[in-house]
Amino acid sequence: LGLHQKLDLWVLRHALAEAARWPHPIRVAVNVSALWFHGEDLSHAVENVLAETGLDPGRLELEVTERVFIGNDDAALTEFAQLRALGVGLSLDDFGTGYSSLSYLRQLPLSEIKVDKSFVLAMTSDHEDAAVVRATVALAHDLGLRVVAEGVEDEASLQALRGLGCDL
């Protein structure tokens, strides 16, 4: 393993060990770097850490960005399928800021989308940002995905997101 993958594995191991001590059904979300998808077998490592810690796979949500797919669509899709087969949740982080492709939303076995804070922060004052958030929530729900809004910093944003049916 390279240094970056070793650090990812260390974070995963410690996060899952800590979460295993939490009361059920609290979930833990762990960011996974695109480098891990391009390097060692992520699903095998996750399976081993789940076994080591005894954490129920349904309590784990792995967060990835769309960068995972740059030049590596087939391998990343295979890795995603293996992770979902373990029962792990998969979240597309920072949605709308990278190389957003709606085809990924159809192809990937995702459980949630995280709307980037750059849209959420301005949604109550900028019509275009509000439109992006509104469309993302509607699309995600139509696809059976949970929606998490990042960067909720005031009551007006919270109420607007609740009005849209944002899940978290």
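Residues numbered from 1 in each chain as written. Predicted model: local features only at pLDDT ≥ 70, side-chain atom pairs only at ≥ 80, totals over all residues. Heavy atoms only, no water.

### Digging into the overall build of the chain
- Scanning the chain for helices and strands turns up eight helices and five strands.
- Walking the chain from its N terminus toward its C terminus, one meets helices and strands in the order α-β-α-α-β-α-β-α-β-α-α-β-α.
- Radius of gyration (C-alpha) of the chain: 16 Å, near the 15 Å computed for a compact globule of 168 residues.
- Projected onto its principal axes, the C-alpha positions of the chain cover 45 × 40 × 30 Å.
- The buried share of the chain, taken over its 168 residues, is 42%.
- Residue pairs in contact within the chain that sit at least 24 positions apart in sequence constitute 69% of those at least 6 positions apart. (Helix = DSSP H or I, 4+ residues; strand = E, 2+ residues; numbered from the N terminus. Rg over C-alpha atoms; globule rule 2.2 N^0.38 Å. Buried < 20%, exposed > 50% of the residue type's maximum accessible area, 1.4 Å probe, protein only. Contact = heavy atoms within 4.5 Å.)

### Observations regarding the pattern of salt bridges
- According to the stated counting rule, one finds seven salt bridges in the structure shown.
- A salt bridge links Arg 27 to Glu 61; the nearest nitrogen and oxygen atoms lie 2.0 Å apart. With Arg 27 in the loop between helix H1 (3-19) and strand S1 (28-31) and Glu 61 in strand S2 (residues 60-64), the pair connects residues that are 34 residues apart, well separated along the chain.
- Given the relative accessible area of 3%, Glu 61 is considered buried.
- As a salt-bridge pair, Lys 114 and Glu 63 come within 2.8 Å of each other at their nearest N and O atoms. You can see Lys 114 sitting in strand S4 (residues 112-115) and its partner Glu 63 sitting in strand S2, a full 51 residues away along the chain. Glu 63 matches Lys 114 in its accessibility class, with the two residues each being buried.
- Taken together, the salt bridges that share partners define one network made up of Arg 27, Glu 61, Glu 112 and Arg 146. (Salt bridge = Lys/Arg side-chain N within 4 Å of Asp/Glu carboxyl O.)

### Remarks on the sheet that holds strand S5 (residues 146-149)
- Read from one edge to the other, the open sheet built from five strands follows the order S1-S2-S3-S4-S5, with strand pairing classed as parallel. Unpaired on one side and paired on the other, S1 and S5 mark the two borders of the sheet. Direction aside, neighbouring strands of the sheet carry axes that sit 25 degrees apart on average.
- In terms of strand pairing, S2 meets strand S3 (residues 89-95) through four bridges, oriented parallel. The residue of S3 that forms the bridge with Glu 63 is Ser 91. (Pairing = 2+ DSSP bridges. Axes fitted to C-alpha atoms, helices over the stretch in contact; angles between N-to-C directions.)

### Concerning the layout of surface pockets
- The space that makes up the largest pocket amounts to roughly 180 Å³.
- Elements with a contribution of two residues or more to the lining of the largest pocket: S1, S2, S4 and S5.
- A class-by-class count of the residues in the lining of the largest pocket yields four nonpolar, no polar and seven charged. (1 Å grid on protein atoms, 1.4 Å probe; cavity = no way out; pocket = protein on both sides within 12 Å on 5 of 7 lines; lining within 4 Å. Points joined across faces, edges and corners; volume = space filled by probe spheres on them. Nonpolar A, V, L, I, M, F, W, Y, C, P; charged D, E, K, R; others polar.)

### A short note on the confidence of the model for the chain
- Residue-level pLDDT values for the chain average 88, and 92% of them are 70 or greater.
- The least confident element of the chain, judged by mean pLDDT, is helix H2 (residues 34-38) at 71; the most confident is helix H8 (residues 155-164) at 96. (pLDDT = per-residue confidence, 0-100.)

### Quick look at the nonpolar core
- In this structure, Leu 16, Val 46, Leu 60 and Leu 62 are the most contacted members of the largest nonpolar core, which totals 44 residues.
- If we ignore the near neighbours within four places in the chain, the residues touching Val 46 are Leu 12, Leu 60, Leu 62, Leu 83, Leu 86 and Val 88. (Core = buried A, V, L, I, M, F, W, Y, C linked by side-chain atoms within 4.5 Å.)

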